[in-house]
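The residues making up each chain are set out below.
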Amino acid sequence: MNIAEKIIKAHLVSGEMEAGSEIGLRVDQTLTQDATGTMAWLQFEALGRDSVQTELSVSYVDHNTLQMGFRNPDDHQFLRMVAGRYGAVFSPAGTGICHQLHLENFAKPGKILIGSDSHTPTAGGIGCLSMGAGGLSVALAMAGETYNIPMPQIVEVRLSGALQGFAQAKDIILELLRRLGTQGGVGKIFEYTGEGVASLSVPERATITNMGAELGATASIFPSDNRTKEFLSKMGREEDWVFLAPDTNASYDDCVEINLTDLVPLAARPHMPDNVVPVSELAGLKVDQVAMGSCTNSSYADLKQVADIMKGKFVSAHTDTCMACGSKQVLTMLMENGDMAGLLDSGVRLLECACGPCIGMGSSPKSTGVSVRTFNRNFEGRSGTKDAQVYLVSPVTAAYCAINGEFTDPKTWGTAPEKPEFPEHIPSIRHHFRYPLEDEAERRKIEVVRGPNIVALESFEPLREELAGEVVLKVGDGITTDHIMPAGAEITALRSNIPAISEYVFSRVDEGFGQRAKSVRDSGKCGFLVAGKNYGQGSSREHAALAPRHLGIRAVMALSFARIHRANLINFGILPLIFEDEKDYERLTLGAKILAKPMVLENNNRFAVEVEGLGKIYFKHDLSKQEFQLVRAGGLLNFVKNR
Ligand code: MIC
Ligand code: SF4
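1. Quick notes on the overall build of the chain
Right, on to step 1. Counting its regular elements, the chain contains 22 helices and 26 strands.
Right, on to step 2. Viewed in the frame of its principal axes, the chain has a C-alpha envelope of about 70 × 60 × 60 Å.
Right, on to step 3. Looking at the chain as a whole, 63% of its 643 residues are labelled buried.
Right, on to step 4. Contacts spanning at least 24 positions in sequence make up 77% of the contacts within the chain whose residues lie at least 6 apart.
Right, on to step 5. Positive and negative charge centroids in the chain, built from 64 and 77 side chains respectively, lie 3 Å apart.

Structure representation (structure tokens):
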């Protein structure tokens, strides 16, 4: 067996390990973050359990830490109290980004972790099978239920050689994105093997597994070897190490080979992470902003390397340059060795240890500005500036952009800096976490306070026998969750208030959408969305399903769906339907009147929909039995409660 199969087998509660068939997995650890966490915890409460049932559940606050007005700090208070009440660890605002913190402090090789954030697979860098999921799936895992997914295909990524010159771990994953694209990983786990693996440290591996999310992959995983042991011992938890490797005769569903020696610095151009070119091709392009950090590239080694390059130099006068460390541990190490003083002296603006600009929480680029970021997503408008041009690069490339004020050819950069080692003294920051009381009876006495912005969950009606209504929006390919439910400070502050946040659904795509959807809903009819390929790629935010459902959307008719979003639609009782014939996508227009009878399947799970003036249009109905039951019940929460 390969590593992924070994871990899955050890956690398999139901199903067969055959690619595509549904499996139920026992979950060891969960993580939630504030922007998805309030919903996840409200859902957990609704399940009526007294305690989390996992080995470990951690509630992080890292996405929105701006506390502009009462809403956001009320959310933070709720998250702290609810964690204390139900037995989860709480990580307060400013401690760091969930994925970096989890890697440093909690993730263990051989375990299964699910998190209400699409970049949860970061922990694959330490050999932990980790997956992003909707908040409700995480709530259920916290309540001791299995996590159900189709058994992924396991793809071997064989690494040979070693990185040379200025090429970094980021360039490995950008190369994979260049080759496979943002849909290239759907339904797959990428397992890294080969001699190149040993040349990569755990944080470097984590950069790669992190951005496996941009391939649409279910997870990405590295072996647990001596480098893993070394990292865990530096983090003061060598006892968490176990050896993990594929069997010598392990087989895979597919294989991709990358020779690390051949790689050069790469950049993803606007507005997709797979729009990748060599940095040399961009030479001469003026850079208005550089932003360093995010869960992809905020480790000590990443930022130390930036400090080494920038030592004694200054950021270009027209290049606004900011940095957020992934954790207080990283920040403390950079302070203790004097590097942070150097960075500040070079003109770098230091931000709080949090997601910050990555999710549009401040530090937006200027109008039409070119922003160079060490992050993982460059979707249009995500930075907070609709017409900004965002490029994704490694920390080393970012440092040269900051100094030069433009992209330059790596051939002009001189000698590559050495890969940094951890400093002698590695501080622990674990005293910042709030650990729950051991005694459950004591925990029960905690009364969870909810601010006025925390609105109780709405209950949804079961699936109707007949869905009659109209198409309220038609969109193209590659619609991301940032298009559906935008982020940024103003909107993210409403994540605990579905009626309020619903006002912003598709607001950046079509301002009239909300009104249109509501008027169809209020007339007792159903709203339908029509979309192209890979609908819902990007974030795990279930608000991108929950808020449309609140607005009366009952089905999304698309050419294909991204994995987590499809699951979120089902979890909230929205039918994800796939066009059988691409031409019908063209024929179906805004305002088309629709009548669907979702309970009536024709042969081969075909599903006919009557469209006024067009006749029958066929959809593929690829829901598993269990998934169909969820939609029928009006969503997962209803389903579990009924049971
Ligand atoms: C993202 O990177 O898009 C986010 C913000 O981390 C999301 C979660 C969210 O929307 O809260 C994700 O990746 O799942
Ligand atoms: Fe935070 Fe950005 Fe990572 Fe999402 S991708 S978890 S917003 S740092």
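2. A short note on the site of ligand 2
Right, on to step 1. The environment of ligand 2 is formed by His63, His99, Asp117, His119, Ser294, Cys295, Cys355, Cys358, Ile359, Asn376 and Arg382.
Right, on to step 2. Of the residues that constitute the shell around ligand 2, the class distribution is 4 nonpolar, 5 polar and 2 charged.

3. Brief notes about the nonpolar core
Right, on to step 1. Trp41, Phe506, Phe513, Tyr535, Met557 and Leu575 are the most contacted members of the largest nonpolar core, which totals 110 residues.
Right, on to step 2. Counting residues in hydrophobic clusters, the runner-up holds 60 residues, among them Leu103, Leu303, Tyr400 and Ala402.

4. What about the sheet that holds strand β1 (residues 12–14)?
Right, on to step 1. The antiparallel open sheet is built from 3 strands, whose spatial order is β1-β2-β8. In this open sheet, the two edge strands, each paired with only one partner strand, are β1 and β8 (147–150). The sheet shows a mean angle of 40 degrees between the axes of neighbouring strands, taken without regard to direction.
Right, on to step 2. Sheet analysis places strand β2 (residues 22–25) next to β8, joined by 4 bridges and oriented antiparallel. By the bridge assignment for β8, glutamate 22 is matched with proline 150.

5. Things to note about the sheet that holds strand β21 (residues 526–531)
Whether parallel or antiparallel, the strands of a sheet pair through hydrogen bonds between backbone atoms.
Right, on to step 1. Spatially, 7 strands are ordered β20-β21-β22-β23-β26-β25-β24 in a closed barrel, and the strand pairing comes out mixed. Between one strand axis and the next, the sheet turns through 40 degrees on average, direction left out of account.
Right, on to step 2. Across 4 bridges, the pairing between strand β22 (residues 553–558) and strand β23 (residues 575–579) is parallel. Across the sheet, the residue bridging to alanine 558 is isoleucine 578, located in β23.

6. A look at the site of ligand 1
Right, on to step 1. What surrounds ligand 1 is a group of 14 residues, the closest being His63, Asp117, Ser118, Ser540 and Arg541.
Right, on to step 2. Serine 118 has a polar side-chain atom sitting 2.5 Å from an oxygen atom of ligand 1.
Right, on to step 3. A distance of 2.8 Å is found between an oxygen atom of ligand 1 and a side-chain nitrogen or oxygen belonging to arginine 495.
Right, on to step 4. Across the shell around ligand 1, the residue classes break down as 2 nonpolar, 7 polar and 5 charged.

7. Points about the environment of methionine 557
Right, on to step 1. For methionine 557, the location among the structural elements is in strand β22.
Right, on to step 2. Setting aside residues no more than four positions away along its own chain, methionine 557 makes contact with Phe528, Leu529, Val530, Ala531, Leu577, Phe579, Leu588, Ile594, Val609 and Phe619.

8. Remarks on a negative patch on the surface
Right, on to step 1. On the surface, Asp477, Asp581, Glu582 and Glu586 cluster together into a negatively charged patch.
Right, on to step 2. Of note, aspartate 581 is situated in the loop between β23 and α20 (582–587).

9. Some points on the packing of helix α9 (residues 300–310) against helix α11 (residues 339–346)
Right, on to step 1. Axis separation between α9 and α11 bottoms out at 9 Å; the angle between their running directions is 55 degrees. Comparing their axes, α11 and α9 come out oblique. The way α9 lies across α11 gives a crossing that is left-handed. Contacts from Lys304, Val306, Ala307, Asp308 and Met310 in α9 reach Asp339, Leu343 and Ser346 in α11.
Right, on to step 2. Per-class residue counts for the contact of α9 with α11 are 4 nonpolar, 1 polar and 3 charged.

10. Some details on helix α19 (residues 563–571)
Right, on to step 1. Across the 9 residues of α19, 8 count as buried, placing the element largely inside the fold.
Right, on to step 2. Phi turns positive one or two residues past the end of α19, at glycine 573, with a value near 75 degrees.

11. Quick look at unusual backbone geometry
Right, on to step 1. Residue histidine 271 follows proline 270 across a cis peptide bond; omega there is -5 degrees.
Right, on to step 2. Within the secondary structure, histidine 271 sits in the loop between β13 (266–268) and β14 (276–278).
Right, on to step 3. Of note in this structure, serine 363 is not a glycine but carries a positive phi near 50 degrees.
Right, on to step 4. Mapped onto the elements of the fold, serine 363 is located in the loop between β17 (349–351) and β18 (370–373).

12. Topic: the pairing of strand β15 (residues 289–292)
Right, on to step 1. Neither face of β15 is exposed, since Gln289 and Ala291 on one face and Val290 and Met292 on the opposite face are all buried.
Right, on to step 2. Across 4 bridges, β15 lies against strand β16 (residues 320–324) in parallel orientation. Residue pairing for β16: glutamine 289 is matched across the bridge by aspartate 320.
Right, on to step 3. Each parallel crossover has a hand, and the one from β15 via α9 to β16 is right-handed.
Right, on to step 4. Where β15 and β18 come together, 3 bridges link them in parallel fashion. Along β18, the bridge assignment pairs alanine 291 with arginine 373.

13. Topic: the packing of aromatic side chains
Two measures describe an aromatic ring pair: the distance that separates the ring centres and the angle between the ring planes.
Right, on to step 1. Following the criterion strictly, the structure yields 16 aromatic pairs and no others.
Right, on to step 2. Consider the rings of phenylalanine 166 and tyrosine 400, whose centres lie 5.7 Å apart with planes at 90 degrees: the pair is edge-to-face. Taken as a pair, phenylalanine 166 in the loop between β9 (153–160) and α6 (169–180) and tyrosine 400 in helix α12 (residues 395–404) lie far apart in primary sequence, 234 residues in all.
Right, on to step 3. Relative to phenylalanine 222, the ring of tyrosine 192 has its centre 4.5 Å away and its plane inclined at 5 degrees; by these criteria the two rings are stacked. Of the two residues, tyrosine 192 is situated in strand β10 (residues 188–193) and phenylalanine 222 in the loop between β11 (219–221) and α8 (226–234); the sequence distance between them amounts to 30 residues.

The rules we used
Residues numbered from 1 in each chain as written. Chains lettered and ligands numbered in written order. Predicted model: local features only at pLDDT ≥ 70, side-chain atom pairs only at ≥ 80, totals over all residues. Heavy atoms only, no water. Helix = DSSP H or I, 4+ residues; strand = E, 2+ residues; numbered from the N terminus. Buried < 20%, exposed > 50% of the residue type's maximum accessible area, 1.4 Å probe, protein only. Contact = heavy atoms within 4.5 Å. Lys, Arg positive; Asp, Glu negative; His and termini not counted. Charge placed at Lys NZ, Arg CZ, Asp CG, Glu CD. Near = heavy atom within 4 Å. Nonpolar A, V, L, I, M, F, W, Y, C, P; charged D, E, K, R; others polar. Core = buried A, V, L, I, M, F, W, Y, C linked by side-chain atoms within 4.5 Å. Pairing = 2+ DSSP bridges. Axes fitted to C-alpha atoms, helices over the stretch in contact; angles between N-to-C directions. Polar contact = N/O pair within 3.5 Å; in protein donor to acceptor, adjacent residues only side chain to side chain. Patch = residues over 30% accessible without salt bridge, like charges linked within 9 Å, V, L, I, M, F, W, Y side chains within 5 Å. Areas by Shrake-Rupley, 256 points an atom, 1.4 Å probe, with all protein chains shown as cover. Salt bridge = Lys/Arg side-chain N within 4 Å of Asp/Glu carboxyl O. Parallel < 35°, antiparallel > 145°, perpendicular 65-115°, else oblique. Left-handed = near helix turned anticlockwise from the far one by under 90°. Right-handed = clockwise from strand over helix to strand, strands pointing away. Phe/Tyr/Trp six-rings, centres within 6.5 Å; stacked < 30°, edge-to-face > 60°.

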